[in-house]
Amino acid sequence: MGSGFAKKKKQQKMMQEQMQKMQEQMQSTIVTGSSGNGLVEVDMNGEKSVVAIRVKPDCVDPEDTEGLEDLIVAACQDAEKKIEDNNPLGDIGSLMGGLGF
């Protein structure tokens, strides 16, 4: 275990620190997904946790709660897609996690 091993360990530690920093940035990132031409908006953080939902009164119909539910699901899916599209870790994050980094 010569200097090559020590160098690899140092590189691994640096990579872990960089990934931790990117994960922290993703946690503080908020995206807004919407559906129904803005009738429903969902704010989601980079960890894909919903932090806020806004529903315009125009789409609240006691006779059609299923329609509102569908709009909420669609807005969540839109926000999730935006997070995935903007994720700096992308597939590299899951790959590195699988490698033990």
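One numbering rule holds for all chains: residues counted from 1, following each sequence as written. The predicted origin of the model limits local features to residues at a pLDDT of at least 70 and limits the giving and counting of side-chain atom pairs to 80 or more, whereas totals for whole chains, interfaces and linings rest on all residues. Excluded from the side-chain calculation are hydrogens and water; included are all heavy atoms of the structure.

K.L.:
Can you explain the pairing of strand β1 (residues 30-35)? Please cite residues and give values.
P.N.:
On β1, burial follows the alternation: V31, G33 and S35 on one face are buried, whereas I30, T32 and S34 on the facing-out side are not. Bridging between β1 and strand β2 (residues 40-45) involves six bridges; their strand directions are antiparallel. Note that in β2 the partner of T32 across the bridge is D43. Any two strands are treated as partners once DSSP identifies two or more bridges connecting them. Here a strand is any run of E in DSSP of at least two residues, a helix any run of H or I of at least four, and the numbering for each starts at the N terminus. If you look at the hairpin formed by β1 and β2, you'll find four residues sitting between the two strands, and G36 has a positive phi there, around 60 degrees. Only protein chains enter the accessibility calculation, which uses a 1.4 Å probe; a residue is then buried when its area is under 20% of its type maximum, exposed when over 50%, and partly exposed in between.

K.L.:
Tell me about the side chain of S35, and please be specific about residues and values.
P.N.:
Within the secondary structure, S35 is located in strand β1. Looking at S35, the relative accessible area reads 9%, which means it is buried. Here the side chain of S35 touches L71 through a polar contact of 2.6 Å, landing on its backbone oxygen. Contact definition: two residues touch when any of their heavy atoms are within 4.5 Å. Not counting residues within four places of it along the chain, the set of residues in contact with S35 comprises V40, L71, I72, A74 and A75. Pairs of N or O atoms are called polar contacts if they sit within 3.5 Å, as long as, within protein, a hydrogen donor faces a hydrogen acceptor (for residues adjacent in sequence, only side-chain-to-side-chain pairs).

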